[in-house]
Amino acid sequence: MAAFIQLLLSVAVVIASAAANGFVLSPEDPEVLKVANYAIRTYNQMNNNVYAYKLVSIQSVSAQMYPPARVKYSLSVTVGQTVCKNRPDINLADCSLHGKTMTCNFVVLAVPNSDVPSYLLTSQCK
C-alpha cells in the first residue's frame, strides 16, 4: 500500500509540474528523457530500418493525467540515423550519428518514477 501511495505522489508531482507550465514539461526533465528514449528504442524495434536511430533533441513535450496513475506524454523529437545496425541488443549511447535526421511525434503512456512498463501508443516519423 505504501508503494502505491508513493507512486501516486510521484504522478502528482509530474502533473503538478506540468500544470504549472501549462501542461508543457521541460525537455531536460529526467522523466521526459526516459520516456523519449523509450519511444525511440521501441520505434527501432518496430521498424526494419537497417540502421538504428537515436534521440538528437526534444522539440516539445506535454503531458496529460491518464487515470488511475499514468501520464500520457506527447513528444515531438528530432532523431538521427546512427552508424549502428538496428538490432534488439543495441546500446544507442555507443552509436555515433551518421546520415539523415527526421522529426518524430510519439505518444507514450507511462507511470512516472516506476518500473511499470510504458507503452508507445503512436509513432509518426518523417
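The rules behind the values
Residues numbered from 1 in each chain as written. Predicted model: local features only at pLDDT ≥ 70, side-chain atom pairs only at ≥ 80, totals over all residues. Heavy atoms only, no water. UniProt positions renumbered as here; feature names shortened; annotations may be inferred. Helix = DSSP H or I, 4+ residues; strand = E, 2+ residues; numbered from the N terminus. Contact = heavy atoms within 4.5 Å. Salt bridge = Lys/Arg side-chain N within 4 Å of Asp/Glu carboxyl O. Buried < 20%, exposed > 50% of the residue type's maximum accessible area, 1.4 Å probe, protein only.

If you look the protein up in an unreviewed UniProt entry, it shows as Cystatin domain-containing protein from Anguilla anguilla. What UniProt states about the protein under its Sequence similarities (unreviewed entry) heading is, verbatim, "Belongs to the cystatin family."

**Thoughts on the side chain of E31**
Locating E31 in the fold gives a position in helix 2 (residues 30–46). Contacts of E31, omitting those with residues within four sequence positions, involve Y73, V111, P112 and N113.

**Here we look at the pattern of salt bridges**
What the rule picks out here adds up to 1 salt bridge. Here D89 makes a salt bridge to R87, at a shortest N to O gap of 3.6 Å. Residue classification places D89 among the exposed residues on the basis of a relative accessible area of 61%. The class for R87 is partly exposed, based on a relative accessible area of 47%.

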